[in-house]
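Working through the structure, step by step
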Amino acid sequence: MAALILLASCASLQHSWDQGNVQTVARLINEGQADKLAAMSAVPFLVDGEIVTLKPDVASFWSGIVKAGFKVEGATLVQAAPLAPDSYTQFANTMEVKTFFAQYVKKEARLLELGTSQSGKRILLIFSDSSFKKTIYGFKGPY
Amino acid sequence: MKKTLTCAAFVLFGAFALSAAPADVTYTEGDASIKLKTGTVQDAQIGDSMNTGDTLRTGEDGLAELDQKGVTIKIAKNTVFTLMEREQGGNTSAVLAVTLGAIKFRYNKLTGQEPLVRTNSMVAGVRGTEFTVFSGADGSTLIAVDSGQVTVESEGKSVDLAATEGVEVPLGKPPADKFTVPKELMDYSKWNADKLSAMLADPLAAMTSIENALVEYEKNVADYYATFLKYKPQLDDARQKRAQIAKEKSVEEATKYQDDVIAPLALQTGHLYLNVRYFSLAALSMRRFVAGRLYLSLKSRFITNPDDPTWTEFLSRFDRFLSSFEESIAPQLVAADI
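Note that the structure is predicted; figures quoted are calculated from it, not measured. (Residues numbered from 1 in each chain as written. Chains lettered and ligands numbered in written order. Predicted model: local features only at pLDDT ≥ 70, side-chain atom pairs only at ≥ 80, totals over all residues. Heavy atoms only, no water.)

1. Comments concerning the pairing of strand E4 (residues 110–115) of chain A
Residue and element names in this part refer to chain A. Counted residue by residue, E4 has six buried out of six residues, so it is predominantly covered. Burial along E4 is two-sided: Arg110, Leu112 and Leu114 facing one way and Leu111, Glu113 and Gly115 facing the other are all buried. Bridge count between strand E3 (residues 76–82) and E4: six bridges; the pairing is antiparallel. Pairing of Pro82 across the sheet is with Arg110, part of E4. Relative to strand E5 (residues 122–130), E4 runs antiparallel, the two being bridged by six bridges. Within the sheet, the bridge partner assigned to Leu112 lies in E5 and is Leu125. (Buried < 20%, exposed > 50% of the residue type's maximum accessible area, 1.4 Å probe, protein only. Helix = DSSP H or I, 4+ residues; strand = E, 2+ residues; numbered from the N terminus. Pairing = 2+ DSSP bridges.)

Below is the structure:
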């Protein structure tokens, strides 16, 4: 019984961390804080099926979407899951993206799916929150 | 099956990619890193050696200088530079690949065996002592010669450049007309910004150039790989025969067979595989640093307007390009290339 309670609390704690991380990314986008997003991003970084290997290009991506007026309104956590061997297919079913997940994404990273109030569009993040360091490995969407 | 063979060939014939002269890092400043052939990325430090397959990248504030057996290679900011190799006329040739950014080459002495210089859009044979190569965001190249002579080749057309001459080579097209290099320092940033603007103004035309260039790479990869597949079983058979000779006749005869038959066959097979890798990696460079960056720029631009016909048409063309790449080039790549 105690083990079940402990498991439930862990799951609940994880959910609130995931929710908090999703809100953080959405807030930074909405506030136009491209520099902070770039600083949180790993290099190489994944955008949809594209591996971005240059730091200035990762920064350009964030500043570009902010400059375009992109906002994540009404962000909510729809799904969160640890990485699975086939997680890469959610970004692109290619040799490159498969290798990216295997080589560059920390094992403890999670896939966080955000729902937005913008015509039900969603965003997918590869996010790691460990050792007091939040890292975004990838961004897909809105889709 | 193809992937397994690629991995096996990479292990067996990878040794052919180790013979080019290494380039020693003699200076670095700011953001400069080396991605080793093994896939490991490390900060570039003075005294490091770059070997075939290694890539040096500089960031916004990065600079680096290399020395490769008397060739001084000055790497500007925001540049991607790779040491490569290919087979040409039965010999292994070193290739200095400027995938993105600007590099100035200075040859302190000419030996007649100068490495080729390649970008996404051209290959240059060097008989010059000082020249600069600019590799633009749209895959095009600008080459300016300070002294000596450089022969620039693309799409079957070659142009000889003498001192103070330059030429631009668009991606997938032959070299344009030569021009006289202005005396003042060339403004690479402006040239590159103009190229980027033109590419973003007509992304579908840019995709056409990229797709055409991919077709060329695919053709080379397919041709060399098909020949490699013909030679590989011959080499395997010859190795078995050598073992048989050693067992049934003598070690001396087996050694003679090794020298007379196996060694030339192994060299030929290795060269074929070297070219498969060379063209595959060149295609990957273009896919990553021209096509991928175009995708990223357009994604940012159209993220709030995803139904724009330019974006949807671009996406459809880009998907077609990716499918083709995945089918024809990706099987020749290994994890460390990514």
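2. With respect to the packing of aromatic side chains
Residue and element names in this part refer to chain B. Considering all chains together, one arrives at 24 aromatic pairs over all chains under this definition. With 5.2 Å between their ring centres and 15 degrees between their planes, Phe134 and Tyr188 make a pair best called stacked. Taken as a pair, Phe134 in strand E11 (residues 123–135) and Tyr188 in helix H2 (residues 188–201) lie far apart in primary sequence, 54 residues in all. Look at Phe134 and you get buried, because its relative accessible area is 7%. Each ring, one from Trp311 and one from Phe314, has its centre 5.9 Å from the other, and the planes form 20 degrees; the classification is stacked. Pair noted here: Trp311 and Phe314 are both in helix H5 (residues 309–328), with a separation of three residues, about one helical turn. The buried category is assigned to Trp311, whose relative accessible area is 7%. According to the relative accessible area criterion, Phe314 is buried, its value standing at 0%. Feature note: the residues Tyr295, Phe302, Trp311, Phe314, Phe318 and Phe321 constitute an aromatic cluster, connected by ring pairs. (Phe/Tyr/Trp six-rings, centres within 6.5 Å; stacked < 30°, edge-to-face > 60°.)

3. Description of the packing of helix H3 (residues 203–248) of chain B against helix H4 (residues 251–302) of chain B
All names here are of chain B. Across the interface, H3 lies against H4 with an axial gap of 8 Å and an inter-helix angle of 160 degrees. Considered as vectors, H3 and H4 are oriented roughly antiparallel to each other. You can see that H3 and H4 cross each other, and the crossing is left-handed. Looking at the contact of H3 with H4 residue by residue, the class counts come to 33 nonpolar, eight polar and five charged. (Axes fitted to C-alpha atoms, helices over the stretch in contact; angles between N-to-C directions. Parallel < 35°, antiparallel > 145°, perpendicular 65-115°, else oblique. Left-handed = near helix turned anticlockwise from the far one by under 90°. Nonpolar A, V, L, I, M, F, W, Y, C, P; charged D, E, K, R; others polar.)

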